[in-house]
Amino acid sequence: VSAAGEHGAHRVRLERLARALGEHEVDMLLVYTPVNIRYLTGFTGTNALVLVSAGGELGGARGRFLTDFRYATQSAAQVGELLEREIASGELLDAAAQRLREAAPDGGRLGFDDATLTVAQHARLREQLGASWQLIACGGAVERLRAVKDDEEIARIRGAAELADAALTRVLEQGLVGRSEREIAVELELQMRRLGAEGPSFPSIVAAGAHAALPHAEPREQKIPVDVLVTIDWGALHDGYCSDCTRTYATGEHVSEQARAIYELVREAQAQALAAVRPGPNGRELDAVARTVIERAGQGEHFGHGLGHGVGIEIHEGPRLSRTAGDEPLLAGNVVTIEPGVYLPGECGVRIEDLVVVGGGGGGDRGDGGDGGGELSESSGHRVLSGLPKELTVVS
Ligand code: ZN
Ligand code: ZN
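Since the structure is predicted, the reported quantities are computational estimates derived from the model, not experimental observations.

Rules used throughout
- Residues numbered from 1 in each chain as written.
- Chains lettered and ligands numbered in written order.
- Predicted model: local features only at pLDDT ≥ 70, side-chain atom pairs only at ≥ 80, totals over all residues.
- Heavy atoms only, no water.
- Helix = DSSP H or I, 4+ residues; strand = E, 2+ residues; numbered from the N terminus.
- Rg over C-alpha atoms; globule rule 2.2 N^0.38 Å.
- Buried < 20%, exposed > 50% of the residue type's maximum accessible area, 1.4 Å probe, protein only.
- Contact = heavy atoms within 4.5 Å.
- Areas by Shrake-Rupley, 256 points an atom, 1.4 Å probe, with all protein chains shown as cover.
- Lys, Arg positive; Asp, Glu negative; His and termini not counted.
- Charge placed at Lys NZ, Arg CZ, Asp CG, Glu CD.
- pLDDT = per-residue confidence, 0-100.
- Donors = N, O, S within 2.8 Å, 3.2 Å for Na, K, Ca; no water.
- Tetrahedral: all angles 85-135°; square planar, octahedral: opposite > 155°, others 65-115°.
- Pairing = 2+ DSSP bridges.
- Axes fitted to C-alpha atoms, helices over the stretch in contact; angles between N-to-C directions.
- Salt bridge = Lys/Arg side-chain N within 4 Å of Asp/Glu carboxyl O.

Focus: the overall build of the protein
Then, in step 1: Looking only at helices and strands, the protein features 11 helices and 20 strands.
Then, in step 2: Against the 2.2 N^0.38 benchmark of 21 Å for 396 residues, the protein shows a C-alpha radius of gyration of 23 Å, consistent with a compact globule.
Then, in step 3: If one aligns the C-alpha atoms of the protein with their principal axes, the spans along those axes are about 75 × 40 × 40 Å.
Then, in step 4: Across the 396 residues that make up the protein, the buried fraction comes to 53%.
Then, in step 5: Long-range contacts, defined here as pairs at least 24 residues apart, represent 68% of the contacts in the protein between residues at least 6 apart.
Then, in step 6: Looking at the protein as shown, the accessible area adds up to about 16800 Å², and 50% of this sits on carbon and sulfur atoms.
Then, in step 7: The protein carries 39 positive and 58 negative side-chain charges, and their two centres are separated by 2 Å.

The structure is reproduced here in structure tokens:
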């Protein structure tokens, strides 16, 4: 892949960030989190630092990339001429401070991510920069950009979702009853890797019967019995992007009436929240759609988590969909999960989760003709990336 073609998207991201820095009233932003550096430059190493200047143009000295000698070859290939690149000896923060002092002896305002820079790093930077530089908290500046995906990112997330669906389909062909939760989780990971995933996007959850009442249950060695519900929450990491999906299956025709009723309640809440996904409403309003359905059925106290979260390079990122989410509206290009659940302690648990593109962007249909995944709902302004059916399905 040519560096120029590869960096088209990175240039756009860096320019959007540079413009956003004006609102934070800083001259320069220090980016130090590997995942944010990867998003902005394509660099996949673990030790690098980027300084981005405020303003629209990034030619020449408007941005600087620092890494250490271990990454000399890799950064030349991945970052190339995108930013002025430097192999620093010693601490990257010290080298960055020195460059800033040289570039602007009279000082300026340096933004940093107060959510990740440690207190010790902040103190060190403070000391190295001297009194003329001000340090300004700019947490979330890059994360806000990351929440709105471009078409290439959406295509990668869709690819991860398709791969994850295919992997679970293979695992379910071997049945669930008599195998341990852990065996299913291991098999799922193996299938995802065989199909080309870098790995799972998070440790898979496979929880049967009463164990599924723990929303983040860890798979046990215990064998899965007949006639219970089994919740499987899994995702693939593919091309650097995550997928996330949950399905709940019955392991026989004779699951309890209570379990069946809870399943249908969650399915209804999930369907209503999904139908409300479009650019405009905020995460609190969407959460309320599902929560109202569950509360009216008297199960409000058993839906203890938020409705969903953004998914991208990381499995949990912005925007959040919950009772405590902010006022920011959902935007076209957000990729979020819709995952209500009801958990009855000691009895059963049900969660149903779809991965959804707000606004429905990201190119054509799934193109595999399979399972209705990638379904575009023009009227409601979203596209569902999760392809497996949601009617209660028996897998024994
Ligand atoms: Zn999930
Ligand atoms: Zn999730």
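And the narrative resumes.
Structural notes on unusual backbone geometry
Then, in step 1: Cis rather than trans, the peptide bond between G318 and P319 has omega equal to -5°.
Then, in step 2: Within the fold, P319 resides in strand 14 (residues 317–321).
Then, in step 3: A positive phi angle, near 55°, is found at E25, a position not held by glycine.
Then, in step 4: Counting through the fold element by element, E25 comes out in the loop between helix 2 (8–24) and strand 1 (28–31).
Then, in step 5: By relative accessible area, E25 is classed as exposed at 57%.
Then, in step 6: Its identity as a non-glycine residue notwithstanding, D227 has a phi of 60°, on the positive side.
Then, in step 7: Here D227 is to be found in the loop between strand 8 (205–208) and strand 9 (229–234).

Description of the environment of F69
Then, in step 1: Locating F69 in the fold gives a position in the loop between strand 3 (63–67) and helix 4 (72–78).
Then, in step 2: Taking relative accessible area as the criterion, F69 reaches 66% and is therefore assigned exposed.
Then, in step 3: It is 9.4 Å that separates the C-alpha atoms of F69 and E86, two residues lying 17 residues apart in sequence.

Re the confidence of the model for the protein
Then, in step 1: In this model, the protein carries an average pLDDT of 92, and 92% of its residues clear a pLDDT of 70 or more.
Then, in step 2: In the model, residues 364–373 has pLDDT below 50 throughout and makes 19 contacts with residues more than four positions away in sequence or in other chains.

Section: the coordination of the zinc ion (ligand 2)
Then, in step 1: Around the zinc ion (ligand 2), the donor atoms from the protein are D244 (OD), H309 (NE2), E339 (OE) and E353 (OE), and they sit 2.1 to 2.2 Å away.
Then, in step 2: Considering all four donor atoms around the zinc ion (ligand 2), the spread of angles at the metal, 78 to 151°, places the coordination shape in the irregular class.
Then, in step 3: For the zinc ion (ligand 2), the single-chain donor residues occur in sequence as D-x64-H-x29-E-x13-E.
Then, in step 4: In this model, the zinc ion (ligand 2) sits 3.1 Å from the zinc ion (ligand 1), the two metals being bridged by D244. Placement of the pair is H309 in strand 13 (residues 308–310) and E353 in the loop between strand 17 (348–351) and strand 18 (354–358), with a sequence separation of 44 residues. For the pair shown, H309 and E353 are each scored as buried.

Digging into the coordination of the zinc ion (ligand 1)
Then, in step 1: With distances of 2.0 to 2.7 Å, the protein atoms coordinating the zinc ion (ligand 1) are D233 (OD), D233 (OD), D244 (OD) and E353 (OE).
Then, in step 2: All donor residues of the zinc ion (ligand 1) come from one chain, and their arrangement in sequence is D-x10-D-x108-E.

Digging into the sheet that holds strand 12 (residues 245–250)
Then, in step 1: Reading across the sheet, the three strands line up as 8-9-12 and stay open at both edges, with antiparallel pairing between neighbours. With partners counted over all chains shown, the strands left at the sheet margins are strand 8 and strand 12, one partner each. Strand-to-strand twist in this sheet, taken as the mean axis angle between neighbours without regard to direction, amounts to 10°.
Then, in step 2: Where strand 9 and strand 12 come together, six bridges link them in antiparallel fashion. Pairing of V230 across the sheet is with Y249, part of strand 12.

So, the pattern of salt bridges
Then, in step 1: Per the stated rule, a full pass over the model turns up 23 salt bridges.
Then, in step 2: Here E153 and R13 are joined by a salt bridge, their closest N and O atoms 3.9 Å apart. Taken together, the residues E153 in helix 8 (residues 151–173) and R13 in helix 2 connect sequence positions 140 residues apart.
Then, in step 3: Accessibility expressed as a relative area gives 2% for E153, which makes it buried.
Then, in step 4: Residue classification places R13 among the buried positions, given a relative accessible area of 5%.

What about the sheet that holds strand 2 (residues 48–53)?
Then, in step 1: The strand order 4-3-2-1-5-6 describes an open sheet built from six strands, whose pairing is mixed. In this open sheet, the two strands that pair with only one neighbour each are strand 4 (84–87) and strand 6 (133–137). When strand polarity is set aside, the average angle formed by the axes of neighbouring strands in this sheet is 20°.
Then, in step 2: With two bridges connecting them, strand 1 and strand 5 (residues 108–112) associate as parallel partners. What sits directly across from M28, in strand 5, is L110.
Then, in step 3: Most of the contacts of helix 5 (residues 92–103) go to strand 2, to which it runs at about 25°, and overall it touches strand 1, strand 2, strand 3, strand 4, strand 5 and strand 6.
Then, in step 4: On top of the sheet, helix 6 (residues 119–129) reaches strand 1, strand 5 and strand 6; it is set at about 155° to strand 6, its chief contact.

Some details on the side chain of Q191
Then, in step 1: Take Q191: it is sitting in helix 9 (residues 181–194).
Then, in step 2: Here Q191 falls in the buried class, since its relative accessible area comes to 9%.
Then, in step 3: Beyond its immediate chain neighbours, meaning those up to four positions away, Q191 contacts A167, R170 and V171.

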